[in-house]
Amino acid sequence: MTKVYGTGAYDFKRHHVAEYPVELNQQLGDKPVVEAKPGAALPSSITLSEIQRDQLTMIAAANWSKAGGDAAQAKKAFDPELVKKIYETEMCVKEGQRKTVPLQRVMILEVSQYLENYLFPNFDPETATFEHVMSMILMVNEKFRENVAAWVCFHDRKDAFKGFLGRVLRLKSVLEATCC
């Protein structure tokens, strides 16, 4: 039987990953200054200390992160408005601002397990917003970019995954209906 690559948890044929272009506004000798503002220009690499003091990490700790000593602390209930705010401020590409999704912001969301602990567990195919679906798409894309197993979090809720794929396939028709 022919081997199908990319179906196992860590089985990837291609070792090349797509990179998002990042514009650096600093000289090579300058030490990068990381701001914890949405959409801030960040260097092409990010350190652990920068991740720890970032605004998204603080939001993650309060809402979905299972890491750290406050695991017993109750997390806030799911808030679709938070998903919308994160999508619009951190992930959305708007005309005149930037041409690509800000890589470092998506990387921080990936490190905090935004998809596994917040987006997919709270996904309902009937009630999920456009921002929720697009956030999930961008997080899966980031997993592939980082060469990380992207589909593992979907194994437990196969019915919701089918609904997610249906929503993804309907996005084009929804966008065409709203644009025209």
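Residues numbered from 1 in each chain as written. Predicted model: local features only at pLDDT ≥ 70, side-chain atom pairs only at ≥ 80, totals over all residues. Heavy atoms only, no water.

**Student:** I would appreciate a short explanation of the overall build of the chain in the present structure.
**Tutor:** Counting its regular elements, the chain contains 7 helices and 0 strands. In the chain, which comprises 180 residues, the proportion classed as buried is 36%. Taking all contacts inside the chain whose residues are at least 6 apart in sequence as the whole, residues at least 24 apart take part in 63%. (Helix = DSSP H or I, 4+ residues; strand = E, 2+ residues; numbered from the N terminus. Buried < 20%, exposed > 50% of the residue type's maximum accessible area, 1.4 Å probe, protein only. Contact = heavy atoms within 4.5 Å.)

**Student:** Whenever I open this one, the pattern of salt bridges confuses me. Can you help?
**Tutor:** All chains considered together, the criterion is met by 6 salt bridges. With a shortest N-O distance of 2.9 Å, Glu142 and Arg145 are connected by a salt bridge. Highlighted residues: Glu142 and Arg145, both in helix 6 (residues 130-145), separated by 3 residues, approximately one helical turn. In this pair, the class of Glu142 matches that of Arg145, namely buried. For Arg145, the salt bridge identified is with Glu146, shortest N-O distance 3.9 Å. For Arg145, a relative accessible area of 9% corresponds to the buried category. Overall, the relative accessible area of 28% leaves Glu146 in the partly exposed class. Ionic contacts of the salt-bridge type, sharing partners, join the residues Asp54, Glu90 and Arg105 into one network. (Salt bridge = Lys/Arg side-chain N within 4 Å of Asp/Glu carboxyl O.)

**Student:** Sorry, what's going on with the confidence of the model for the chain here?
**Tutor:** Low-pLDDT stretches of the model should not have their predicted coordinates read in fine detail. Here the chain averages 76 in pLDDT, while 67% of its residues score no lower than 70. Predicted confidence is poor over residues 14-20, with pLDDT under 50, and the contacts of this stretch with residues over four places away or in other chains come to 12 contacts. In this model residues 22-37 is a low-confidence stretch, pLDDT under 50, and it forms 23 contacts with partners more than four residues away in sequence or in other chains. (pLDDT = per-residue confidence, 0-100.)

**Student:** Help me understand the packing of aromatic side chains, please; the structure alone is not making it clear to me.
**Tutor:** Working definition: an aromatic ring pair is given by the centre-to-centre distance plus the angle between the planes. If you walk through the whole model with that rule in mind, you get 14 aromatic pairs. Seen from their ring centres, Tyr87 and Phe130 are 6.2 Å apart, and the 90° between their planes marks the pair as edge-to-face. Here the residue Tyr87 occupies a position in helix 3 (residues 80-91), and Phe130 occupies one in helix 6, the gap between them amounting to 43 residues. A ring pair is formed by Phe161 and Phe164, whose centres lie 6.3 Å apart and whose planes are at 40°; its orientation type is tilted. Note that Phe161 and Phe164 are positioned in helix 7 (residues 158-179) at a spacing of 3 residues, about one turn of the helix. Here the aromatic cluster, defined as three or more aromatic residues joined through ring pairs, consists of Phe120, Phe123, Phe144, Trp151, Phe154, Phe161 and Phe164. Positioned over the ring face of Phe120 is Arg157, at 5.0 Å from the centre of the ring. (Phe/Tyr/Trp six-rings, centres within 6.5 Å; stacked < 30°, edge-to-face > 60°. Lys NZ or Arg CZ within 6 Å of the ring centre and 35° of its normal.)

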